[in-house]
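# Fold and geometry: a report
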Amino acid sequence: MKSLFGDIEALPQVQEKAEGPFVGVALENSLDKVLDYSVPAKMRSLIRIGQRVRVPLGRNNRPAFGYVISTSATSDYPRVKPLLNIDDERVLVTPGLMKLALWMSRYYCAALGSVIESIVPSAVKKKTGIGHINRIRLLWERDRVQALLEKTKAPKRRAILGRLLLVEPGEAVELVRLAGEAGATPATVKKLARMGIISVTSEMDWGNQALEGESSDSKGHEPDRELNEDQQKVFDELKPRLASGFSVNLLMGVTGSGKTEVYLQCMREVVNQGKQAVVLVPEIALTPQTVKRFTARFKRVAILHSGLSATERHRHWQTIASGQADVVVGARSAVFAPLPNLGMIVVDEEHESSYKQDTVPRYHARDVAIKRAQLEGVPIILGSATPSLETYQRVQPTEKSEPSAYHLLELPRRVRGLAMPHVELVDMKLQNKSRTGVHLLSERLEGLLRVTLQQGHQAILLLNRRGYSNFVYCVHCQEAVQCKYCDATMTYHRAAGTDVNSAAVAKGVHTGHLHCHYCLAVQPLPEKCPTCQKKLSLFGLGTQRVEEEIRRKFPDLRFERVDSDTMRSAKDYEQLLGRFARGEIQVMLGTQMIAKGLDYPNVTLVGVISGDTALSLPDFRAAERTFQLITQVAGRAGRGDAPGRVVLQTFMPDDPTIQAAIKQDFQGFAKRELVHRKEVGLPPFGRMVRIVLRDQDQDKLQKLSEDLAAQVIQAVNIEEAAPGESAKRAIIVRGPMPCAISRISGYFRNQIVLGSTRPERLQRVLKTLREKGDLAKTDRVAVDVDPVSLL
Ligand code: ADP
Ligand code: ZN
């Protein structure tokens, strides 16, 4: 038997003396193995790399599914079993995607089968929604059939053959239809097949394949806009790169600078060359407004969104694979769109952490997109107002005065001469001194909100925390209510539909539940402290609490709270944005759901209720995330003719990240942050691999962690002793230590973190561990290469 990296054990049972050709098959279940199989004679002309096949597995020859990843005339293994059958004759993984899969499996340390499973949508694998129909063709020469017709006495057979002679040579007639027209039964038709006169093949019936764009005349007809000077300059620089192989281009443009228009015109070039383009956008930004910008320009657009039914998803995939879509727009997994002639990839908002998948394979769609572009020799454009520091670092000139790895293109101004919004800071420490009672909205924000509404404009308020209060606290015991299963405080959520202006609420009577945001556990709000029976206080703010204050202060406001508690589906969100666009809602208060990508010209005020919520998280990217989120939400203001204002409330007015955010000074922020990261060897200067271990039993976890850590250190020692590698301690191992959230859902969690400035050395350490099977021993071990979340 052959693992990805070599022999593991010999095969116990063999049915026949194996003869070539052979195929390497990556198994679908997450066994980290590629096995050789022989191809039976009848399948030889049909077998292709990228097909899904059924194979016998193990001692009992249990049937299992896998994908053909290689073919060869010989096998290194003397005893090889034959394939059972080809499950789907279509090539489900194109050669380009197969190379990508192999890279991902190595880089992200994930079983090849699991990587391919994320590349091929399950609706495609299961052939959801495709009817199969039997098609009949003549096998005999037409003259011979004619001769038979004249001789045969069976009228039904005559009718069937006569009907088949009417179609063009090679054309087929559907079985049931043929039988009907000939006044015969399908059984009679099949009898002719058994006699070898005709063939019956089961083929897919796609039904109506039109894409959204093709049915309506309004689609694809919007003319390209005239580019402004900045856009034109960027486009002129990009244009020659659109037809000259692989390049990585960072389009860094402030919010509202017209990045999308640049993508659209680059895509036009690529489509005119007869190629296809993929645009990745964060899931949350895949709104009808975004979709329309692409469908208005191009006729043949496939949109891959989470609301597609399995049948639709399959149909889209087939349309894309057959080259009938010029443009594919989708979230993370659209990076695997099986385009036959890929010409360009765009990753919009490349800094978004939602591009990272948090289950196996733990890939980052931006990085996979770059790799795909490289493998397929096409340009990629990464767009953002606030690029990730990983990307930004790569447009810096290198020390050896070599050209930087990525090209930098900038749009420093908003379109149509619009001003950047004016950001002002409100120090909440001073606020609370000057007023009585608790006020979550400062006087300044409240005042500006009133002015905005009087002028008939709209506002967006951001608070990136849902619920009412995330700290249900006993002042006496100095303890907050903790989740029973997690190392985390419970968040109080008020019961839906509570009338916030009711007398009960005014008196501080609370009805609702405590929720854990990690394991989703729920319990009633205790009336008193479980330990000392004294009164509990609600500290910490969430969107519900701000909603309460707004409804109290603005009783007639057309207002909506937008978070994952009120937005249960993509449809809810779509409808909400529609109402906001029509002005039926004046103010939206929400989590990051409303911070990104929205382009509503009547929004003139943005309020950040707390600029600090993310700053103190135990994650080295806390400052980066805070800066990005504030800048993104600020960018929603002033996109129309009226100028925009942003109020940033904070308890940490002197924090350098907050200061940079007020000035919307990305360069300043990045420069400072990069110096800091360099000093401590954090990404982008070092690469990181995080191994998270979990167990319900703390002692077992400790043992598992220590054993694995010993293996890790051994593998690191082997790597550091490698000839030609002089630098000692080039790989740093930290842990095992408890994760920042040391228990989730009853599982204790430990981590081992590897860091190095040399990614290839980390890769070699992982390879050693993987070959020895140290990482696959149990599902309690998760490897995360280039982790995005460190909690
Ligand atoms: P970004 O993605 O950089 O935030 P958008 O691409 O959303 O910016 O552009 C902001 C707005 O400006 C959009 O409504 C877009 O249609 C418009 N726009 C883009 N380019 C131009 C242009 N050259 N002239 C006029 N309006 C433009
Ligand atoms: Zn919990």
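What counts, and at which threshold
- Residues numbered from 1 in each chain as written.
- Chains lettered and ligands numbered in written order.
- Predicted model: local features only at pLDDT ≥ 70, side-chain atom pairs only at ≥ 80, totals over all residues.
- Heavy atoms only, no water.
- Helix = DSSP H or I, 4+ residues; strand = E, 2+ residues; numbered from the N terminus.
- Buried < 20%, exposed > 50% of the residue type's maximum accessible area, 1.4 Å probe, protein only.
- Contact = heavy atoms within 4.5 Å.
- Salt bridge = Lys/Arg side-chain N within 4 Å of Asp/Glu carboxyl O.
- Pairing = 2+ DSSP bridges.
- Phe/Tyr/Trp six-rings, centres within 6.5 Å; stacked < 30°, edge-to-face > 60°.
- Lys NZ or Arg CZ within 6 Å of the ring centre and 35° of its normal.
- Donors = N, O, S within 2.8 Å, 3.2 Å for Na, K, Ca; no water.
- Tetrahedral: all angles 85-135°; square planar, octahedral: opposite > 155°, others 65-115°.

Here we come to the environment of Pro21. Within the secondary structure, Pro21 is located in the loop between strand S2 (6-7) and strand S3 (22-27). Using a relative accessible area of 28% as the deciding quantity, one classes Pro21 as partly exposed. Through-space distance from the C-alpha of Pro21 to that of Val39 is 5.9 Å; in sequence the pair is 18 residues apart. Excluding residues that lie within four positions of it along the chain, Pro21 makes contacts with Tyr37, Ser38, Val39, Arg44, Ser72 and Ala73.

It is worth spelling out the pattern of salt bridges at this point. Should the charged atoms of two oppositely charged side chains come close, the side chains can pair. One pass over the structure, following the stated rule, counts 47 salt bridges. Of the charged contacts in the structure, one is a salt bridge between Arg416 and Asp641, with a shortest N-O distance of 3.5 Å. With Arg416 in the loop between strand S18 (407-411) and strand S19 (422-427) and Asp641 in the loop between helix H20 (622-634) and strand S30 (645-650), this residue pair connects regions lying 225 residues apart in the sequence. Each member of the pair, Arg416 as well as Asp641, is classed as exposed. The salt bridge partner of Glu424 is Arg444, with a shortest N-O separation of 2.6 Å. In this pair, Glu424 is assigned in strand S19 and Arg444 in helix H16 (residues 443-454), connecting sequence segments 20 residues apart. For Glu424, a relative accessible area of 15% corresponds to the buried category.

Before going further, it helps to spend a moment on the pairing of strand S33 (residues 747-756). Buried residues dominate S33, accounting for nine of its ten residues. Sheet topology places strand S31 (residues 687-695) next to S33; nine bridges connect them, and they run antiparallel. In the strand pairing of S33, Asp695 is matched with Phe748. Relative to S33, strand S32 (residues 731-744) is paired through eight bridges, and the arrangement is antiparallel. The residue bridging Pro738 from the neighbouring strand is Asn750, located in S33. A loop of two residues connects S32 with S33, the two strands running antiparallel in sequence, and Ser745 in this loop sits at a positive phi of about 55°.

Under the criterion given, the structure shown has eleven aromatic pairs. When the centroid spacing of 5.5 Å and the interplanar angle of 85° are considered together, the rings of Phe580 and Tyr600 count as edge-to-face. One end of the pair, Phe580, is in helix H19 (residues 570-581); the other, Tyr600, is in the loop between strand S28 (587-590) and strand S29 (603-608), and 20 residues separate them in sequence. A residue is classified by how much of its surface remains accessible, and Phe580, at 0% relative accessible area, is buried. A relative accessible area of 9% places Tyr600 in the buried class. Cation over ring: Arg694 sits above Tyr747, and NZ or CZ is 4.4 Å from the ring centre.

Another point: the coordination of the zinc ion (ligand 2). Taken together, the protein ligands of the zinc ion (ligand 2) are Cys483 (SG), Cys486 (SG), Cys516 (SG) and Cys519 (SG), with distances of 2.2 to 2.3 Å. Angles of 104 to 115° at the metal separate the four donor atoms of the zinc ion (ligand 2), which places the site in the tetrahedral class. Counting along the primary sequence, the residues that act as donors to the zinc ion (ligand 2) give the motif C-x2-C-x29-C-x2-C. By relative accessible area, Cys483 is classed as buried at 5%. A relative accessible area of 2% places Cys486 in the buried class.

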